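# Overview (structure and organization)
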Amino acid sequence: MTSSAHEPGAALRLHVPEPKARPGEVPDFSAMRVPPAGALARPPIDADEPALREYPYALIRVLDDAHRAVGPWAPTLTPERLRAGLRHMMLTRAFDDRMLRVQRQGKTSFYMKSTGEEAVAVAQAYALDDGDMLFPSYRQQGLLIARDWPLVDMMCQIFSNPGDRLKGRQLPVMYSVPEKSFFSISGNLGTQFPQAVGWAMASAIKGDTRIAASWVGDGTTAEGDVHYALTFAAVYQAPVLLNVVNNQWAISSFQGFAGGERTTFAARAIGYGIPGLRVDGNDFLAVYAVTQWAAERARRNYGPTLIELVTYRAAAHSTSDDPSAYRPQDEAARWPLGDPVERLKQHLIALGAWSGAQHEALARELEDHVKAQLREAEALGTLGTPPAGVESLFEDVFKDMPPHLQRQLAELKGA
């Protein structure tokens, strides 16, 4: 007679996390708790962490099933502001779709879409001040788009052409735009969290009024950098927002491998004594409201907040990925929190401030805009376009070029 797995004397075994469904199986989100919109109270911004213990395990939502904004978290945003948010989300999606197409045409080596996650970047950009420093991961292109940065500049970086401000030294989509307080994206996971905390600490030391915000994916929470950042943020009460975008999947493994199977990512905050908020990441209004709450808390010197944005990566992880190898093909369509663009569209229609015809017209307008920007960027070159000159190899190494590099440059030009 053999003993069961939990009886004394049973053989030890490891638990290997497994998603609820694999390719060919029916997606299963039955275990996911989706509370009614408006169910959670909006606490005062000076609330101590012990008074906020329910928030890391709940889900802050504003838009209900009838597309109305309900509850104490509902922000005061004009229809004009909501239409602008919808426009920026749609522009982000149109940009992504076109860039994927040009990558498949061989005009760039790599691209990463943010399909299904547009509300995260755009709504959070709206809730932050223009001077606040952003330390993004590689799926927050919507931050730049929401801050009205020209698409042609982003495209030149993707193409690594002569118009690329980074001179081909960064992987495509690893933007760096100091003019918009957008810190250089790093392909090394987790680096941006301690950088954001350090920048926020420096801002406080200088007596500045600007705060910092950073983003990582659910998988990156398994990196040590995330925990170092949380420790420093908690100890020094740094004015920073630390965002975990829980989009359910890394490049080939689901979020359970980073610890999301046992508890929420927002619950990590409890061990550090800082607020942890969990929000419907596909609800534009909820994302805006939670970010605004955390930003005000930071500005008034109540310290950091850890925010888990629950969303779904509808597209592939990158152009190097084939998600059909590890998840059901129709899983995105069955995601319980829906599509952020569609939800904001329906909310505006319910307000009487939008229509299906207006939506279609805007989609065509944005598609034309992206095409025009693409023609301008492609005129400067695409993947494989030679650099304008060899000088760029020697630039930005030193402020003033030392003699040995001057000699090497002269030798190269004379070769």
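Heads up: these notes are all about the structure in this document.

Calculation criteria
Counting restarts for each chain, with residues numbered from 1 along the sequence as it is written. In view of the model being predicted, local features appear only for residues whose pLDDT reaches at least 70, and side-chain atom pairs are presented and counted only at 80 or more, with totals across whole chains, interfaces and linings using the full set of residues. In computing side-chain properties, one takes all heavy atoms of the structure into account and sets aside hydrogens as well as water. Two aromatic rings, drawn from Phe, Tyr or Trp (for Trp, its six-membered ring), form a pair once their centres lie within 6.5 Å of each other, and the interplanar angle then sorts them: stacked below 30 degrees, edge-to-face above 60, tilted otherwise. We call a charge positioned above a ring when the Lys NZ or Arg CZ atom is no farther than 6 Å from the ring centre and deviates by at most 35 degrees from the ring normal. The term salt bridge refers to a pairing of a side-chain nitrogen on Lys or Arg with a carboxyl oxygen on Asp or Glu at a separation within 4 Å. DSSP calls a pair of strands paired once it identifies at least 2 bridges connecting them. Helix and strand definitions follow DSSP, with helices as H or I runs of at least four residues and strands as E runs of at least two, each counted in order from the N terminus. Convention adopted: a line fitted to C-alpha atoms gives each axis, helices being fitted over their contacting stretch, and angles between N-to-C directions are expressed from 0 to 180 degrees. Our angle categories are set so that under 35 degrees counts as roughly parallel, over 145 as roughly antiparallel, 65 to 115 as roughly perpendicular, and the remainder as oblique. Two helices crossing with the near one rotated counterclockwise from the far one by less than a right angle form a left-handed crossing, whereas a clockwise rotation gives a right-handed crossing. Contacts between residues were defined by any pair of non-hydrogen atoms, one from each residue, lying within 4.5 Å. The definition of a nonpolar core used throughout is a set of buried Ala, Val, Leu, Ile, Met, Phe, Trp, Tyr and Cys residues joined through side-chain atoms within 4.5 Å. Note on classification: 1.4 Å probe, protein chains only; a residue is buried when its accessible area is under 20% of the maximum for its type, exposed when over 50%, partly exposed between these limits.

### A word on the packing of aromatic side chains
For the structure shown, the criterion picks out eleven aromatic pairs. An aromatic cluster of three or more residues is present, and its members are Trp249, Phe254, Phe257 and Tyr326. Above the plane of the ring of Trp73 lies Arg42, whose end atom (NZ or CZ) is 5.5 Å from the centre. Positioned above the aromatic ring of Tyr126, the side-chain terminus of Arg81 is 3.9 Å from the ring centre.

### Digging into the pattern of salt bridges
Per the counting criterion, the structure on display carries 28 salt bridges. One network of salt bridges, in which partners are shared, links Arg61, Asp280, Asp283 and Arg343.

### Considerations on the sheet that holds strand S3 (residues 240-246)
Within a sheet, each strand pairs with its neighbour through backbone hydrogen bonds, oriented either parallel or antiparallel. Judged by pairing direction, the sheet is parallel, and its five strands sit side by side in the order S1-S2-S3-S5-S4 without closing on themselves. With one partner strand each, in any of the chains shown, strand S1 (133-135) and strand S4 (276-280) form the two edges of the open sheet. When strand polarity is set aside, the average angle formed by the axes of neighbouring strands in this sheet is 20°. Bridge count between S4 and strand S5 (residues 305-310): five bridges; the pairing is parallel. Counted as the bridge partner of Gly276 is Leu306 from S5.

### Comments concerning the packing of helix H1 (residues 79-104) against helix H8 (residues 340-351)
For the pair H1 and H8, the least separation of the axes is 10 Å and the interaxial angle reads 155°. In this view, H1 runs roughly antiparallel relative to H8, as classed from their interaxial angle. H1 and H8 meet at a crossing whose hand is left-handed. Facing Pro79, Leu82, Arg83, Gly85, Leu86, Met89, Met90 and Arg93 of H1, the residues of H8 in contact are Pro340, Val341, Leu344, Lys345, His347, Leu348 and Leu351.

### A look at the environment of Ser392
Topologically, Ser392 is positioned in the loop between helix H9 (356-378) and helix H10 (403-414). On a C-alpha basis, the gap between Ser392 and Ala314 in space is 38 Å, while along the polypeptide they are 78 residues apart.

### Considering the nonpolar core
Generally speaking, soluble globular proteins have nonpolar side chains that are buried together. Trp73, Phe95, Met155, Tyr175 and Phe284 are the most contacted members of the largest nonpolar core, which has 82 residues in total. No other element matches helix H7 (residues 284-299), which puts eleven residues into this core. For Tyr175, the contacting residues outside a window of four places in its chain are Phe95, Tyr111, Gln141, Leu144, Met154, Gln157, Ile158, Leu166, Phe182, Phe183, Ser184 and Ile185. Ala234, Val240, Val244 and Leu306 belong to the second-largest nonpolar core, a separate cluster that totals 22 residues.

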